[in-house]
Amino acid sequence: MHRFFVDPQDIINQQVHFSQSESRHIERVMRLRSGDTVVVFDGSGWEYQVELLEKASSALVGQIISREYQDRESPFKLALVQGIAKGEKMDTIIQKAVEAGIDSIYPLLTERTVVQLAGQKSQQKQERWQTISRQACKQCRRNRVPFVSPPLEFASFLEQHQGQPILMLYESEQECTLRQVLKKDLLARQIQPWYLMVGPEGGFSEAEAAMARQKGAILVSLGPRILRTETAGLLAAGIILYEFGDLG
Ligand code: SAH
């Protein structure tokens, strides 16, 4: 069954009013018409069976036949704090993180972030990434859309999340491994989300690692091989959500 997103405020009196772009998708791409049934979600956890109505304007309307609360969220909340990667790589990271079951995403401006994101550009990027998160939900059947934060400076993120569980993937860490953190309960599991921090392509600087440690983050290694940023976060999220969440 095809799934479409509708803003909660566009669900009125048991009818859903599709946006122009969803209407286009339904009609032109999926070739659906009045009388066909689709699944609609509004990002709040509700999922609706909807019958498409006869077209009265350029935007489509559907009648709700039934609804069910079905959020498909992981019982363990893990947020991804991702050093902003270049170009489309960041889009892919967000898409995969949503599929894996990440709860929310914090794009991070670090010392070695190449992308420049001043003012309006930062907002545009956030909107684009939020759309990617929503689109990933259409595909993977999540009914809650993970929040994508506006880009944050590394130091501001640490300030704002002091005292909360932060796990920093650090390529130069020699002592502590992710396995130790999970097996020895080095981070309190009751306090969620855990924030999983991943460096951009150029990695974290020594100064950033020191600052994170000083603010209470746990620095971990993922083993002897250096992984690309898009690999590291997804693998670590997979391991954590397999152990504590609903993956597998
Ligand atoms: N350019 C750096 C590598 C950066 S990899 C270098 O050559 O050393 C990008 C990010 O992925 C890192 O900042 C870290 O967060 C994560 N990462 C990659 N491999 C890792 C590993 N073996 N252990 C922990 N984190 C790793």
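Above this text you will find the structure in question.
Here is what the cut-offs are and how they apply
Residues numbered from 1 in each chain as written. Predicted model: local features only at pLDDT ≥ 70, side-chain atom pairs only at ≥ 80, totals over all residues. Heavy atoms only, no water. Helix = DSSP H or I, 4+ residues; strand = E, 2+ residues; numbered from the N terminus. Buried < 20%, exposed > 50% of the residue type's maximum accessible area, 1.4 Å probe, protein only. Polar contact = N/O pair within 3.5 Å; in protein donor to acceptor, adjacent residues only side chain to side chain. Contact = heavy atoms within 4.5 Å. Phe/Tyr/Trp six-rings, centres within 6.5 Å; stacked < 30°, edge-to-face > 60°. Lys NZ or Arg CZ within 6 Å of the ring centre and 35° of its normal.

## A closer look at the side chain of Lys138
Here's step 1: Within the fold, Lys138 resides in helix H3 (residues 119-140).
Here's step 2: For Lys138, a relative accessible area of 16% translates into the label buried.
Here's step 3: There is a polar contact of 2.9 Å between the side chain of Lys138 and the side chain of Glu22.
Here's step 4: Discounting chain neighbours no more than four positions away, the residues touching Lys138 are Arg3, Phe4, Phe5, Glu22, His25 and Phe41.

## Quick notes on the packing of aromatic side chains
Here's step 1: All told, the structure shown has eleven aromatic pairs when counted by the stated rule.
Here's step 2: With a centroid separation of 6.5 Å and an interplanar angle of 85°, the aromatic rings of Phe4 and Phe18 are classed as edge-to-face. Taken together, the residues Phe4 in strand E1 (residues 3-5) and Phe18 in the loop between strand E3 (15-17) and helix H1 (20-29) connect sequence positions 14 residues apart. Each of the two residues, Phe4 as well as Phe18, counts as buried.
Here's step 3: Taking the centre distance of 5.8 Å and the plane angle of 65° together, the rings of Tyr106 and Phe157 count as edge-to-face. Highlighted residues: Tyr106 in strand E8 (residues 104-109) and Phe157 in helix H4 (residues 154-160), separated in sequence by 51 residues. Of the two residues examined, Tyr106 and Phe157, each falls in the buried class.
Here's step 4: The aromatic ring of Phe41 is capped on one face by Arg3, whose charged end is 4.5 Å from the ring centroid.
Here's step 5: Stacked on the ring of Trp46, the Lys or Arg Arg67 has its end atom at 3.7 Å from the ring centre.

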